[in-house]
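Residue-level structural notes
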Amino acid sequence: MSRAPVSSGDRAIGTVAIRWHGGSLELLDQRLLPDQEHWITLEGSAGVAQSIRDMVVRGAPAIGISAAYGVALAARHAGGGDWKAEIKQAIRELAASRPTAVNLFWALQKMEQVFSECHSLEEAVKRLSETAVQIHKDDLSANLAMADYALAHMDASKPFSVLTHCNTGALATGGYGTALGVIRRLHEKKLLKDVYADETRPWLQGSRLTAWELARDGIPVTLNADGAAASILAAGHVRWVIVGADRITANGDVANKIGTYSLAVLARHHKVGFMVVASSSTVDMALASGKDIPIEEREGEELRQVRGVQIAPAGVKVFNPVFDVTPASLIDVIVTEKGVVSTPNMTGMAGLFS
């Protein structure tokens, strides 16, 4: 599962969570894991946008890849009259699906640039499909490069344990993983003792997705309640906390799944390394700091209920941000496919990404 094939053409592109068939896109419904492995077939961009919004697909890189395929579908199904207006409208709808993950906007900007160069619908269909496939391939290549950079920075000589939060693996990317890709590589090199996986409330991506991925790949995993992370770090069982990112700003602040900030505070207190692993498309040098990142808040039912079962008083007031911002001062290293920024700050980020 860790290195699912991506073909050289624009058809039968397959990874763990995303399959491209040229005229349609299949997404593994991650809301149903681990109970069911159900694929949803989408033939238009509106369905892709809705799937991103409803978290059928999630994880910043996978969202960007899916959105790119959504634009390709919009071209393939454009009416032919005012085809340019139809594709532009599809791009707007896809951009409105999730506000925080910058990969979404990066991928759409890349698709929009190609679209602006097309002089016919036939050309748009061909070039947009090819570009979406290339975005998918490039993400997988970036995952593999990040894993190499991370291990070189860790300078590991004997096996150790790590702790991770949310899901940053093959389900969330082009097929290998960002933070979980580093963990896969540690396992491949026989340098991994155990992975402590935060359950990651309220969507439980750690328990439903990360534990599922790792168990299927035979990688040792111990699932823990989010609140148990402090005790695990205090016991000295973990050398690194490794997480992904949905947006990284010019000064090295990082937006990631809610609960990441508290992990960074705990890691610093317990002198445990804190590593962020994300593709360069996650870096938004247009934003000066984490204060500028729009943080998505979702409906209260996600906290009041678990799969339709009421666990809180009906109508109780809910605070449900999907992400929090970890300041750069709490991060030891940011790893992308372009390289590593240690003790990130404005200067270090500019040196690698400007």
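Given the structure is predicted, the values throughout are model-derived calculations rather than measurements.

Further remarks concern the overall build of the chain. Summing up its helical and strand segments, the chain has 11 helices and 17 strands in all. In terms of principal-axis extent, the alpha carbons of the chain reach across some 65 × 50 × 40 Å. Of all 354 residues assigned to the chain, the portion counted as buried reaches 56%. A fraction of 73% describes how many contacts in the chain between residues 6 or more apart in sequence connect residues 24 or more apart. Looking at the chain as shown, the accessible area adds up to about 14000 Å², and 52% of this sits on carbon and sulfur atoms. Between the centroid of the 35 positive side chains of the chain and the centroid of its 38 negative side chains there is a distance of 4 Å.

Each strand in a sheet pairs with another by means of backbone hydrogen bonds, the pair being arranged parallel or else antiparallel. Pairing is mixed in the open sheet, where four strands are placed in the order E12-E9-E10-E15. Lying at the two open borders of the sheet, with one neighbouring strand each, are strand E12 (283–284) and strand E15 (323–326). Sheet analysis places strand E9 (residues 247–249) next to strand E10 (residues 254–257), joined by two bridges and oriented antiparallel. Paired with Arg247 across the strands is Ala255, a residue of E10.

So, about the sheet that holds strand E7 (residues 221–224). Read across the open sheet, the seven strands follow the order E7-E6-E5-E8-E11-E16-E17; overall the sheet is mixed. With one partner strand each, in any of the chains shown, E7 and strand E17 (339–342) form the two edges of the open sheet. The mean angle between the axes of side-by-side strands here comes to 25°, regardless of whether they run parallel or antiparallel. With three bridges connecting them, strand E5 (residues 160–164) and strand E8 (residues 240–243) associate as parallel partners.

Attention now moves to the confidence of the model for the chain. Confidence along the chain averages 93 in pLDDT terms, with 96% of residues attaining 70 or more. Predicted confidence is poor over residues 1–11, with pLDDT under 50, and the contacts of this stretch with residues over four places away or in other chains come to 44 contacts.

Glancing now at the nonpolar core. Grouped together as the largest cluster of nonpolar side chains are 47 residues, with contacts concentrated most on Ile18, Leu25, Tyr69, Val71, Leu128 and Leu171. Of the residues forming this core, the biggest block, 10 residues, is contributed by helix H2 (residues 60–76). Filtering out sequence-adjacent residues up to four positions away, Val71 remains in contact with Ile87, Ile91, Leu94, Leu108, Met111 and Leu128. Core analysis: the next-biggest nonpolar cluster, separate from the first, contains 25 residues, Val243, Ala278, Leu330 and Ile331 among them.

Reading the values: rules and limits
Residues numbered from 1 in each chain as written. Predicted model: local features only at pLDDT ≥ 70, side-chain atom pairs only at ≥ 80, totals over all residues. Heavy atoms only, no water. Helix = DSSP H or I, 4+ residues; strand = E, 2+ residues; numbered from the N terminus. Buried < 20%, exposed > 50% of the residue type's maximum accessible area, 1.4 Å probe, protein only. Contact = heavy atoms within 4.5 Å. Areas by Shrake-Rupley, 256 points an atom, 1.4 Å probe, with all protein chains shown as cover. Lys, Arg positive; Asp, Glu negative; His and termini not counted. Charge placed at Lys NZ, Arg CZ, Asp CG, Glu CD. Pairing = 2+ DSSP bridges. Axes fitted to C-alpha atoms, helices over the stretch in contact; angles between N-to-C directions. pLDDT = per-residue confidence, 0-100. Core = buried A, V, L, I, M, F, W, Y, C linked by side-chain atoms within 4.5 Å.

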